[in-house]
Amino acid sequence: MKIHFPRNWIDDLFNRVDIVELVSEYVPLNKRGANYWALCPFHNEKTPSFSVNREQSLYYCFGCGKGGGVVQFVMEMEKLTFPEALEYLAGKCQLALPANMSYEDEQASSLRERLYELNQEAAKYYHNLLWTDTGAAVLKYFRNRGIDDGTIRRFGLGASSDSWDNISDAMQEKGYTTEELVKAGIIAQKENHSYDVFRGRAMFPILNMYGKVLGFGGRIIGDGQPKYLNTSDTAIFNKRYGVYGANLLRKQRRLERILLVEGYMDVISLSQAGIQGAVATLGTALTSEQARFMKRFSEEIHIAYDGDEAGQRATERAIEILRGEGLTAKVLSFPDELDPDSFIRERGVEAFNELKPLTDIEFTLNRIKSKTDISTQDGRLTYANKAAEVLALIKSPLELETYLKKLCLETGFSTEALMAQIKIAGSQLKVKYRSLARGEYRRSTAQVKPKYALSAEEELLSILSSKLLPEGFLSAEDFISPLCKTIASELLDDKYPAIIISQLDEEDERNWAARLFSKEHKYNEESALSAAESCLSVLQRARLEKKIDELNERLKLAEDYDRQSLITQLQEATMQLTEIKSK
Ligand SMILES: [Zn+2]
């Protein structure tokens, strides 16, 4: 029996499970290049050929050819069936199971679909309003902030009108009910009358990583309270999960670092300036859910909050959360109370790129020092004690020594005394251990390399998954093999490779596809396009050769009255082939 798991639910699950974390519960992983490597848990080996790709959420063993996504991995390791594996993973990340869905749950699932549509329509409406008289003040605001029209379109920015029932009327005309509008957080109800939540605001649609509109942020134009307003939590929007800019993260591959900024405008102006990987939290302090989400795209986070006291305190908290999730946190500080947006506008991109981030330790030490008066003996003692707690976190002896020397100079205590203090602080630290050991390694399975596609098709699929090709450049019909056609059409439908793979029926097919998507490639937009073009011409050639073979076969058996038409077709195909070959 095939149980139906709704696409949204599966997207949600894959969004929450980190394959690197999952696999490292079974085998220790080491990062090398873009991938993580381990000794394969499925066959016996001495050098690691088992690779895990966090971005694609896939694993593949170059030794035994086994591959797949998080679902296949737990199926193999825990000996589970497909639905059991989904249940197992859902349990790990506290996601309610669609198989156990009651009637109410199913209603909820169709409500979610409806809310996504409604938000999409509302975003379109706000965006169109921006270019009318109603949106003039907001448009002026964006332009004053240096945002150009291309960026406005790319982020789908918009304007809400001053009126109390503008969006509500427009959406009801499109067939949405008051109840649905309330559930989407677009209108609010008070004592039997309803009104637009966002009025007279610059509108920022908040998208998930798949580009669906979850909700909105609105900044007041002119006077009014509050200055910033976000959609309250709804059936599809939860401020603890996700970040502003999530959809862009997915398109930016191999980020060296993610820039965590305070505001939506920071994300937008950094992106306009060509600085990749900027995200902001959704009007709340950073949560560990958001940290785990970012970890999928990069393990190094540069915090670029505002220079004021509130921003600095938020930075301290963010460092703790990031550290707790095993991420490397660094801090960019801006001179003269500037924020990333104003810094870019005043000093330019080059100056931004030259900013040197502080390590989390440096930042924390500076903070402690700024709050202590180290001109007194008491102050120096307090500072040394607190600094020791921070330094106890450092694992590298060389790194530790650098800070230690500095601390000696600042406090006047000897290295020995400081070191002793650090040891005391260290023994009080709770250290988390992860159980890495996992007993028996499974017997090697024979390496299977089924021929599912021409290598040009494989290459083309892999380019397609890189999202570097212009929209509409490829269609599923460009592929020859039925399996490739299916995969291509799902990729074009914006499905995640790991999800596509988990839905393939045959294990061999899954292994084949996992290998395909695990390959590292070094394309940029230009080279992806030219590589795709040459793959296409190889495929066209293959298609013609196949056609010529078929025509020749048919010609052998053809009746007289058929021959002429077959010969004409054969000539045409041969001519086309010669033409392609001569290119
Ligand atoms: Zn293996």
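The residue numbers shown here count from 1 along each chain, following its written sequence. pLDDT decides what is reported in this predicted model: residues at 70 or higher carry local features, side-chain atom pairs at 80 or more are listed and counted, and totals for whole chains, interfaces and linings draw on all residues regardless. Side-chain numbers come from the whole structure's heavy atoms, not from hydrogens or water.

**Regarding the domain arrangement of the protein**
Domain extents, as shown, originate in an automatic or database domain assignment. The assigned domain composition of the protein is domain 1 (7–100), domain 2 (103–237) and domain 3 (455–582). Whether two residues are in contact is decided by their heavy atoms, any of which lying within 4.5 Å being enough. On the domain 2 side, the residues contacting the 5 residues of domain 1 number 7 residues. By buried area we mean how much accessible surface two parts lose on assembly, using a 1.4 Å probe and totalling the loss over both. Roughly 470 Å² of surface becomes buried between domain 1 and domain 2 when both sides are summed, with 32% attributable to carbon and sulfur atoms. Together, Asn8, Asp11 and Asn15 form the three largest contributors to the area buried by domain 1 at its contact with domain 2, with a combined 77%. A pairing counts as a salt bridge when a side-chain nitrogen of Lys or Arg comes within 4 Å of a carboxyl oxygen of Asp or Glu. Scanning the region where domain 1 abuts domain 2 turns up 1 salt bridge. Across the salt bridge formed by Asp12 and Arg112, the nearest N and O atoms sit 3.8 Å from each other. Polar contacts, as counted here, are pairs of nitrogen or oxygen atoms within 3.5 Å of one another; within protein the pair requires one atom able to donate a hydrogen and one able to accept it, and residues that are adjacent in sequence qualify only if both atoms are side-chain atoms. Summed over the shared surface of domain 1 and domain 2, the number is 0 residue pairs in polar contact (both at pLDDT 80 or more). Any residue outside Ala, Val, Leu, Ile, Met, Phe, Trp, Tyr, Cys, Pro, Asp, Glu, Lys and Arg is labelled polar, Gly included; the first ten of those are nonpolar and the last four are charged. Split by residue class, the side of domain 1 that touches domain 2 holds no nonpolar, 3 polar and 2 charged.

**Concerning the pairing of strand E12 (residues 258–261)**
Residues Ile258 and Leu260 line one face of E12 and the alternating positions Leu259 and Val261 line the opposite face, and both faces are buried. Strand pairing is defined by DSSP finding a minimum of two bridges between the two strands. Working definition: helices are DSSP H or I runs of at least four residues, strands are E runs of at least two. Numbering for both runs from the N terminus. Pairing analysis gives 4 bridges linking E12 to strand E14 (residues 300–304), with the strands arranged parallel. Paired with Val261 across the bridge in E14 is Ala304. In this structure, E12 lies alongside strand E13 (residues 278–280), joined through 3 bridges in parallel fashion. Among the inter-strand pairings, Val261 is bridged to a residue of E13, identified as Ala280. Handedness rule for crossovers: strands pointing away from the viewer, path from the first strand over the helix to the second running clockwise, crossover right-handed. In this fold, the crossover linking E12 to E13 by way of helix H11 (residues 264–272) has right-handed handedness. Think of it in three bands: residues with accessible area under 20% of the maximum for their type are buried, residues over 50% are exposed, and the middle band is partly exposed, with areas taken using a 1.4 Å probe on protein chains only.

**Digging into the pairing of strand E4 (residues 58–61)**
The two faces of E4 match: Leu58 and Tyr60 on one face and Tyr59 and Cys61 on the other face are all buried. When strand E3 (residues 50–53) meets E4, the two strands line up antiparallel, connected through 4 bridges. By the bridge assignment for E4, Asn53 is matched with Leu58. Taken together, E3 and the strand that follows it, E4, pair antiparallel across an intervening segment of 4 residues, in which Ser57 is found at a positive phi of about 60°. In textbook terms, the turn of a hairpin is the stretch between consecutive antiparallel strands, and for E4 and strand E5 (residues 67–68) this stretch comprises 5 residues, one of which, Gly65, has a positive phi near 80°.

**Quick word on the nonpolar core**
Phe50 and Ile487 are the most contacted members of the largest nonpolar core, which totals 94 residues. Considering every element that reaches this core, the biggest residue donor is helix H3 (residues 70–78), with 6 residues. Lining this core are residues from two domains, each supplying at least three of them: domain 1 (7–100) and domain 3 (455–582). In these notes, a set of buried Ala, Val, Leu, Ile, Met, Phe, Trp, Tyr and Cys residues joined through side-chain atoms within 4.5 Å is what counts as a nonpolar core. Grouped together as the second largest cluster of nonpolar side chains are 56 residues, Tyr126, Val138, Phe155 and Leu282 included.

**Digging into the coordination of the zinc ion**
Of the protein atoms, only Cys40 (SG), His43 (ND1), Cys61 (SG) and Cys64 (SG) coordinate the zinc ion, at distances of 2.1 to 2.3 Å. Because no water is among the atoms considered, metal sites can look incomplete, with donors defined as N, O and S atoms within 2.8 Å of the metal, or 3.2 Å for Na, K and Ca. Every geometry call rests on angle ranges, with four donors termed tetrahedral when all angles are between 85 and 135 degrees, four termed square planar and six termed octahedral when opposite donors are over 155 degrees apart and all others are between 65 and 115, and everything else termed irregular. Because the angles between the 4 donor atoms bound to the zinc ion fall within 101 to 118°, the donor set is best described as tetrahedral. Coordination of the zinc ion draws on donor residues from a single chain, spaced C-x2-H-x17-C-x2-C in sequence. Cys64 carries the same exposure label as Cys61, and that label is buried.

**Quick look at the pattern of salt bridges**
When charged atoms on two side chains of opposite charge get close, those side chains can pair. Under the counting rule described, the total for this entry stands at 31 salt bridges. Between Arg143 and Asp149 there is a salt bridge; the shortest N-O distance is 2.9 Å. Owing to a relative accessible area of 42%, Arg143 belongs among the partly exposed residues under this scheme. Residue classification places Asp149 among the partly exposed positions, given a relative accessible area of 27%. Its salt-bridge partner being Glu289, residue Arg240 comes within 2.9 Å of it at the nearest N-O pair.

**A look at the packing of aromatic side chains**
Side-chain rings of Phe, Tyr and Trp, where Trp is taken by its six-membered ring, are said to pair if the distance between their centres is within 6.5 Å; with planes under 30 degrees apart they count as stacked, over 60 as edge-to-face, and otherwise as tilted. A complete count under the given rule lists 21 aromatic pairs for this structure. An aromatic cluster is defined as three or more aromatic residues linked by ring pairs; in this entry it consists of Tyr141, Phe142, Phe155, Phe204, Tyr244 and Tyr264. Any Lys NZ or Arg CZ found within 6 Å of a ring centre and within 35 degrees of that ring's normal is scored as a charge over the ring. Geometry around Tyr241 places Arg16 over its ring, the cationic atom sitting 4.7 Å from the centre. It is Arg153 that lies over the ring of Trp131; its NZ or CZ is 4.8 Å from the centre.

**A word on the sheet that holds E3**
Sheet strands associate in pairs through backbone hydrogen bonding, adopting either a parallel or an antiparallel arrangement. Pairing within the open sheet is antiparallel, and its 5 strands lie in the order E1-E2-E3-E4-E5. A single partner strand is all that each edge strand has here, and the edge strands are strand E1 (30–32) and E5. Two strands pair when backbone bridges link them, and E1 and strand E2 (residues 35–38) are joined in this way by 3 bridges, in the antiparallel orientation. Residue pairing in the sheet places Asn30 in a bridge with Trp37 of E2. Simply put, an axis is a line fit to the C-alpha atoms, just over the touching stretch for a helix, and the angle between two N-to-C directions goes from 0 to 180 degrees. Across the sheet, helix H23 (residues 507–518) lies against E2, E3, E4 and E5, angled at about 105° from E4, the strand it touches most.

**Concerning the environment of Ile424**
Tracing the backbone shows Ile424 in helix H19 (residues 415–428). Judged by its relative accessible area of 44%, Ile424 falls in the partly exposed class. Distance in space between the C-alpha atoms of Ile424 and Ala388 is 8.7 Å, their sequence separation being 36 residues.

**Observations concerning unusual backbone geometry**
Cis rather than trans, the peptide bond between Gln225 and Pro226 has omega equal to -15°. As for its position among the elements, Pro226 is in the loop between strand E10 (213–220) and strand E11 (228–230). The backbone of Glu191 shows a phi angle near 40°, a positive value even though the residue is not glycine. In this structure, Glu191 sits in the loop between strand E7 (187–190) and strand E8 (193–196). Its identity as a non-glycine residue notwithstanding, Lys467 has a phi of 65°, on the positive side. Inspection of the secondary structure assignment puts Lys467 in the loop between helix H20 (455–465) and helix H21 (482–492). A relative accessible area of 35% places Lys467 in the partly exposed class.

**Details of helix H16 (residues 360–371)**
Multiplying 1.5 Å by the residue count of a helix minus one yields the expected span of that helix. Across its 12 residues, H16 extends 17 Å between first and last C-alpha, which sits within 8% of the 16 Å expected from 1.5 Å per residue. Every buried residue belonging to H16 is among Asp360, Ile361, Phe363, Thr364, Leu365, Arg367 and Ile368, and all of these are buried. Next to the buried residues of H16 lie helix H13 (309–324), strand E15 (328–331), strand E16 (358–359), helix H17 (377–391) and helix H18 (397–411).

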